[in-house]
Amino acid sequence: MSNRSEVELTAVERIALADLPFEAIYPPAERIGTIVVSNFPALGKLAALRFIEWVQRNPDGVISLPTGKTPEHFIRWVEHSLQHWDRTDVQSDLEKCGINPADRPDMRGLHFVQIDEFYPIHPWQQNSFFYYVKRYYIDGFGLDPNKALLMDCSKIGPGEGETLASLWPREDVDLTLRYRQAETNLERKQKEALQRIDQWCQEYEEKIRDLGGIGFFLGGIGPDGHIGFNVRGSDHHSTTRLTPTNYETQAAASTDLGGIEIARKRLVITIGLGTITHNPECAAIIIAAGEAKAGVVADAVQNKKHVLYPATALQGLPNARFYVTMGAARLLSERQLHRIAAAESISNALAEKIVVDLAVKSRKRIVDLGPDDFRSDSLASVLSQKSSEPLPDLMPRIHDRLIDRIERGTQTLSGKCFFHTEPHHDDLMLGYLPYIVRHVRDSSNTHYFVCFTSGFTSVTNRHMQDQLACLRQFIDTPDFAALMREGYFDPDNENGRQRDVWQYLDGVAANRTHLRSEGMARRLLRNLIAVYDESDLGQIKNRMTELDSYFETEYPGKKDLAHVQRLKGMCREWEAECLWGYFGWNCSNVMHLRLGFYTGDIFTEEPTVERDVVPILDALKKVQPDVVTVALDPEASGPDTHYKVLQAMAEALRRYEEDTGRSDIKVWGYRNVWYRFHPSEANIYVPVSLNMFSIMRSAFMNAFISQKDASFPSYEYDGPFCDLAQQVQVEQYQKLKACLGREWFNEHPSAITRATRGLVFLKELSLDEFYQHSRELKQAAENR
């Protein structure tokens, strides 16, 4: 094992590391110092303390700080410290963490360097990084704007009398003009603009180097491992430049920019990896939270310098660090080995995880694993030495446990009431639709589908324009006039709401676009009447004209007005009603809670009892469920909707149990395309057939019409989420097939098992187990 002297730590880092289970580095496997903290807020606090420590020593230094959601707690801790520096409790905390409280840092002396920016984008847009930097760093930290190097795209490229809009009317920049002849007058102007942009980038780089380079760099790490916008494959000596990005980066940016369609067209201006490493004394810190970042963190920390892993460029900087959460450190092999070797005993779950991973890696059935296989793997070798039972006994027990979980997944409950909950409208479908369908087929069961948020952020302006165009085809027809007269569109007409769904689903069944469109138009008109409290069609048509203008002129990605948020959310709610209508459930079984913490802001509020818990409690009292399902994510890694609704759900269940005495409720935890259970973490494996995959895709593409074009996709898959969900479930099946053997599935006496081509993983919990899980996440999220 290593010792801490192999990385020269600062006072803040030494104190932080003293309370943590790992060393700063484990050579030769690790090539850059890494500090692992327990949770996301602790990550932000450590980065903030290290920043303050650096500023105290370098009051006139050059800093470069990140944008997005990752630095939320970094920003909060710095602002809190600066605003309350003279408070006794703040000074005491600072001193305990290695900061000299007598030396209040003066931010006005610092030089700021903006890391990157989308191009083209107007600086006044709230989703531009220029706007973010001005709001949270220049104004929030009290930096001197005259000492800031910023990327104002309105001044980068346009010549005399030109604007971004006139220069790039379709907002796409053709980089081939750098090398080819212009063919039109507009292309001639664009070619000249590209030359000015490239010159601006060179001068920006020179200004940074004239300052001595960046002294303190704080950044996140992207899904492909990018630092700044230096995507996978970037030259480690690269400088500031205008450059395209890759799919993973575009997908991650799609929410900020209003859809992948816009993100695909955007280029970026970014400082280079060579810019960051120019100053050999640069304190370059990369922060990463959550299991989703584990792969790129491991690649950056454990690989030799390589263009496939941009962050490996930092390995030459003695003051470079990774600050990561436990989840993000999950694939740092030496740390996991150290943790297991230091433990007094190995839990059943951990032993199972090691054995399953060994079987998958070795491509052998669990029962066929031998001593040589265990010796070939470092974790398995430790298990063989520390296991409380001999391997010949351990292997069959784990093998049988996996089979038991599959058998559980083939069984269904009867006579039960289900309270299916989801943070967003497609989480249930993508998480465990096969198990829902299996329980729906038993007519003795009752199902309620409860969405906690309105989901308006996932509806594009383009989709809303298409919906308005659809309504225009029908709003003046005699049929709609007759429906208006009979009160069909009254917002309180539940039968009318249900008929909207039936009309649409009849169109799906008949494969008739006109019927589907009429169902959509009916529901949109109903929603407009509810949102604007208008029943006069003339006024409604005026509102439609206003909305058309709004959606055409407002830039994608901007936070919408409250009534537009409501209208977009109602589109998602309609889609959920269509989905569950597929399986025979009425609108009254689909509940839309629209919890108030969901606001569309970059940093969202925490749930409150009155606003967010009480609506769930009221729904529980109405439904009186036997089974409650929740999205059960592995780590509270920031301003995350899944985590926040889980906490609200846990509190509502506690209160419901107190009020009713019901302690027999089962909780099923599920995960979808964003996070996955390891087989050792789940206790129900639900077989999925090709037939079910077909049902899932058909239902998704027909019900979730705002999502079928995948405007806000996963960085893992360029396509609709239903296809990614299938990919995940197939991968889970392949793991179990490796562990149990192909013959176990193919020769099984049950047709359900023989038809298995995918698996859904669930974790069943008692109420007490669920409360414990919730408490652990809450303690982590609040850094207690």
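Below is a short write-up of the structure.

Rules behind the numbers
Residues numbered from 1 in each chain as written. Predicted model: local features only at pLDDT ≥ 70, side-chain atom pairs only at ≥ 80, totals over all residues. Heavy atoms only, no water. Helix = DSSP H or I, 4+ residues; strand = E, 2+ residues; numbered from the N terminus. Rg over C-alpha atoms; globule rule 2.2 N^0.38 Å. Buried < 20%, exposed > 50% of the residue type's maximum accessible area, 1.4 Å probe, protein only. Contact = heavy atoms within 4.5 Å. Areas by Shrake-Rupley, 256 points an atom, 1.4 Å probe, with all protein chains shown as cover. Lys, Arg positive; Asp, Glu negative; His and termini not counted. Charge placed at Lys NZ, Arg CZ, Asp CG, Glu CD. Pairing = 2+ DSSP bridges. 1 Å grid on protein atoms, 1.4 Å probe; cavity = no way out; pocket = protein on both sides within 12 Å on 5 of 7 lines; lining within 4 Å. Points joined across faces, edges and corners; volume = space filled by probe spheres on them. Nonpolar A, V, L, I, M, F, W, Y, C, P; charged D, E, K, R; others polar. Axes fitted to C-alpha atoms, helices over the stretch in contact; angles between N-to-C directions. Parallel < 35°, antiparallel > 145°, perpendicular 65-115°, else oblique. Left-handed = near helix turned anticlockwise from the far one by under 90°.

Tallying secondary structure elements over the protein chain gives 30 helices and 17 strands in all. Since a compact globule built from 784 residues should have a radius of gyration of about 28 Å, the 28 Å found for the protein chain is in line with a globular shape. Seen along its three principal axes, the alpha-carbon backbone of the protein chain occupies a region of about 80 × 75 × 60 Å. Burial status across the protein chain gives 58% buried among its 784 residues. Look at the contacts in the protein chain between residues 6 or more apart in sequence, and 78% of them connect residues 24 or more apart. When the accessible area of the protein chain is evaluated, it comes to approximately 31,600 Å², of which 47% is carbon and sulfur surface. When the 90 basic and 108 acidic side-chain charges of the protein chain are each reduced to a single mean position, those positions are 2 Å apart.

Overall, parallel pairing links the seven strands, which are arranged E1-E10-E9-E6-E2-E3-E5 in an open sheet. Two strands in the sheet have a free side with no partner beyond their single neighbour: strand E1 (33–37) and strand E5 (148–149). In terms of strand pairing, E1 meets strand E10 (residues 321–325) through five bridges, oriented parallel. Paired with Val37 across the strands is Thr325, a residue of E10.

Moving on to helix H12 (residues 333–342). Within H12, the full set of buried residues consists of Arg335, Gln336, Leu337 and Ile340. Buried residues in H12 make contact with E1, helix H13 (348–362) and helix H15 (378–386).

It is worth spelling out the pairing of strand E16 (residues 684–688) at this point. The buried fraction of E16 amounts to five of the five residues, a majority that puts the element mostly inside the structure. Burial of the side chains of E16 extends over both faces: Ile684, Val686 and Val688 are buried on one face and Tyr685 and Pro687 on the other. As paired strands, E16 and strand E17 (residues 758–765) are joined by five bridges and run antiparallel to one another. Bridged to Val688 within E17 is Gly758.

Here the focus is empty space enclosed by the protein. All chains considered together, the criterion is met by six cavities of 30 Å³ or more. Estimated volume of the largest cavity: approximately 110 Å³. What lines the largest cavity is a set of 14 residues, among which Gly431, Arg671, Asn672, Val728 and Gln732 lie closest to the centre. Those elements that place two or more of their residues in the lining of the largest cavity are helix H17 (427–440), helix H27 (721–740) and E17. Split into classes, the residues belonging to the lining of the largest cavity amount to eight nonpolar, four polar and two charged.

Two numbers describe how helix H21 (residues 513–532) lies on helix H22 (residues 537–553): the axes approach to 11 Å, and their chain directions differ by 90 degrees. On the basis of their axis angle, the class for H21 and H22 is roughly perpendicular. Residue-level inspection shows Leu525, Leu528, Ile529 and Tyr532 of H21 in contact with H22, the latter providing Leu537, Ile540, Arg543, Met544 and Leu547. Tallied by class, residues from the contact of H21 with H22 come to eight nonpolar, no polar and one charged.

Attention now moves to the side chain of Gln190. Within the secondary structure layout, Gln190 lies in helix H7 (residues 185–210). Sequence-distant contacts of Gln190, that is, excluding residues within four places in its chain, are made with Leu167, Trp168, Pro169 and Leu177.

Below, the discussion takes up the packing of helix H19 (residues 478–485) against H21. Taken N-terminus to C-terminus, the directions of H19 and H21 make an angle of 45 degrees; their axes are 12 Å apart at the nearest point. Judged on the interaxial angle alone, H21 and H19 are oblique. At the point where H19 passes H21, the crossing takes the right-handed sense. From H19, Phe480, Leu483 and Met484 reach across to H21, where they touch Glu518, Ala521, Arg522, Leu525 and Ile529.

It is worth spelling out the sheet that holds strand E7 (residues 241–243) at this point. Strand-to-strand pairing in sheets goes through backbone hydrogen bonds, with the strands running parallel or antiparallel. Across the sheet, three strands lie side by side as E4-E8-E7; this open sheet has antiparallel pairing. Unpaired on one side and paired on the other, strand E4 (116–119) and E7 mark the two borders of the sheet. For this sheet, the mean angle separating the axes of adjacent strands, direction not counted, is 25 degrees. Bridge count for E7 against strand E8 (residues 267–270) is three bridges, and the pairing is antiparallel. Across the sheet, Leu242 pairs through a bridge with Ile269, a residue of E8.

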